[in-house]
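# Coordinates in review
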Amino acid sequence: MSHHPAPPTKEIALLFGTFLIAISGLVYELLSGTLSSYLLGDSVYHFSLVIGLFMSSMGIGAWLSRFIEGALERAFVRLQLTIALVGGFSAFILFYAFAYVHNYDAFLYLITILLGAMLGIEIPLIIRILKESFSLKTNISNVFTVDYIGALFASLLFPLVLVPQLGLMQTSFLFGMINLLVGAMAWVLFRDLLSRRYLLYILGILILLVMGFWNANTLTSMIENRLYLNNIIYTQQTPYQKIVVTARHGRIQFYINGAIQFDSMDEYRYHESLVHPVMMEAKAHHSVLIIGGGDGMALREVLKYPTVEQVTLVDLDPAITHLFTDHPTLSTLNDHAYLSPKVTVINQDAWKFIEQSQTLYDVIIVDLPDPNNISLSRLYSESFYQLLAQQLSRGGAMVTQASSPLYTRKAFWSIAKTVASTGLATQPYHTYVPSFGEWGFVLASKFPIQFKAHKLPPKLRYLNGEVLQKMSIFAPDIAKIDVESNRLSTHKLIEYYNRGWEQWYE
């Protein structure tokens with residue numbers, strides 16, 4: 001059955017449908033990349049993989065479109081209904097595959113290739129349907145213009161509105177409904193060529209997608225409870241990351257993007273080891289800067305020193321600092337440290353803050369997540385540490401958490417070498433935290449480091465003079481090795497970090 005010339009109203013409707021298709025196509029692409037990064041880490045790898053597969057599959061789809069002869073309108077409607085079903089359930093399928101099937105990669109490849117190929121067929125079909133209404137030049141220009149505008153719209157909508165307001169799974173179901181809307185609109189435009197049974201297909205798929213959208217939070221909680229050992233008491237997808245808090249029998253665990261940040265059973269070991277050596281090393285404590293540490297635990301330890309006059313805490317995500325300020329259970333873990341009049345919270349990118357800062361700090365504490373992507377790796381780079389060193393007072397000292405000298409040995413010593421590139425005196429050290437394993441830190445100052453316990457605040461649960469002295473001793477299997485420092489031009493640290501964990505757990 002041949003297609004008919006499209007009147008002006010149909011032309012506008014199809015171009016609007018192209019706009020919606022472009023938005024949904026990019027959203028599906030971003031969903032797969034974001035979900036993979038959340039579940040597996042290494043955002044650069046997974047986004048590159050998804051984009052590459054998606055784009056090449058679109059090329060395959062465009063090539064396959066030549067074999068669709070006649071009944072173009074019917075093919076277009078069927079295609080939209082199929083994309084609505086596959087794309088709408090894509091986030092659920094990938095979540096489920098990771099938690100229950102344990103073959104996530106196969107499902108990621110399958111869904112990415114399917115969606116890419118089907119979306120690649122769409123544009124040639126629309127151009128062919130409209131070919132008798134426009135010249136070829138105008139036709140291609142119109143279709144690709146709205147397609148690219150739609151992609152821009154999606155790229156802004158996804159991080160600013162969709163992810164923080166709806167989350168990944170609801171976004172997936174919503175855009176399945178948008179593809180279904182395009183299919184329904186096409187059926188209305190070409191209803192004289194299509195049977196009424198398509199209305200039943202549209203209604204059936206709509207019911208499935210609406211049910212999925214309505215129950216998305218329940219489905220997400222069901223799957224996430226499978227991924228975490230304890231019961232989830234709080235979860236939020238922010239513009240920056242996925243936050244999950246679990247609890248059982250009074251034991252609290254905090255996760256960012258699936259990686260544990262602390263366990264209330266042993267967090268004191270980590271935070272006392274992070275904070276007190278640098279506080280003892282610094283000649284004064286009047287002004288303290290904490291980068292990261294939005295949970296307020298490091299802040300709690302800093303406030304144990306009565307000589308502290310001002311603490312500035314810089315954390316990118318306001319959702320975390322607000323959570324640990326206001327939540328009745330979580331705020332008790334940091335002894336309500338955010339309520340201290342000495343504390344100023346700034347929710348800003350740490351690099352931008354340091355570049356603009358005019359303050360000299362006596363103590364700088366870097367308590368960031370591990371450097372498993374470029375966004376974090378740059379905050380473990382020579383350039384960033386140089387900026388920090390310039391903000392230290394004459395008698396100042398700084399410290400950074402530095403991952404595990406056992407699991408990620410090269411990464412740890414790369415961070416140590418990177419800090420040393422500033423010209424500051426450095427002292428790597430480590431301790432055992434049951435939730436993390438053997439964990440490392442790097443202390444640096446503008447004068448020789450003594451690394452001796454003096455003026456420790458009272459009633460610490462872990463750290464004392466004897467423990468401190470043992471921290472600077474490295475056994476042969478975690479001793480210093482020759483590695484490269486981390487530069488913005490190479491980001492060698494990411495490679496060291498990922499390879500280290502892969503050797504232990506893959």
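We now turn to the structure provided with this report. (Residues numbered from 1 in each chain as written. Predicted model: local features only at pLDDT ≥ 70, side-chain atom pairs only at ≥ 80, totals over all residues. Heavy atoms only, no water.)

## Observations regarding the pairing of strand E11 (residues 437–445)
Buried residues dominate E11, accounting for nine of its nine residues. Pairing between strand E9 (residues 392–401) and E11: five bridges, direction antiparallel. Looking at E11, one finds that Thr-400 is bridged to Val-442. Summarising the sheet, strand E10 (residues 425–433) and E11 pair through nine bridges and their orientation is antiparallel. Across the sheet, residue Ala-425 finds its bridge partner in E11, namely Ser-445. Counted between consecutive antiparallel strands, the loop separating E10 from E11 contains three residues. (Buried < 20%, exposed > 50% of the residue type's maximum accessible area, 1.4 Å probe, protein only. Helix = DSSP H or I, 4+ residues; strand = E, 2+ residues; numbered from the N terminus. Pairing = 2+ DSSP bridges.)

## A few points about a nonpolar patch on the surface
Among the surface-exposed residues, Leu-203, Leu-206, Ile-207, Val-210 and Met-211 lie close enough to one another that they form a single nonpolar patch of about 420 Å² accessible area. Inspection of the secondary structure puts Val-210 in helix H7 (residues 197–214). For Val-210, a relative accessible area of 39% gives the class partly exposed. (Patch = residues over 30% accessible without salt bridge, like charges linked within 9 Å, V, L, I, M, F, W, Y side chains within 5 Å. Areas by Shrake-Rupley, 256 points an atom, 1.4 Å probe, with all protein chains shown as cover. Salt bridge = Lys/Arg side-chain N within 4 Å of Asp/Glu carboxyl O.)

## Some details on the pattern of salt bridges
Applying the stated criterion across every chain yields a total of nine salt bridges. The residue Arg-378 makes a salt bridge to Asp-349 at a minimum N-O spacing of 2.3 Å. A residue pair is termed long-range when its members are at least 10 positions apart, and Arg-378 in the loop between helix H14 (374–377) and helix H15 (382–390) and Asp-349 in the loop between strand E7 (343–346) and helix H13 (350–356) qualify at 29 residues. Arg-378 sits in the partly exposed class, given a relative accessible area of 22%. The partner of Lys-492 in a salt bridge is Glu-495, and the shortest N-O contact between them spans 3.1 Å. With Lys-492 and Glu-495 both in helix H18 (residues 492–505) and three residues apart, this pair spans about one turn of that helix. Here the salt bridges share partners, and the residues they tie into one network are Glu-267, Arg-300, Glu-301 and Lys-304.

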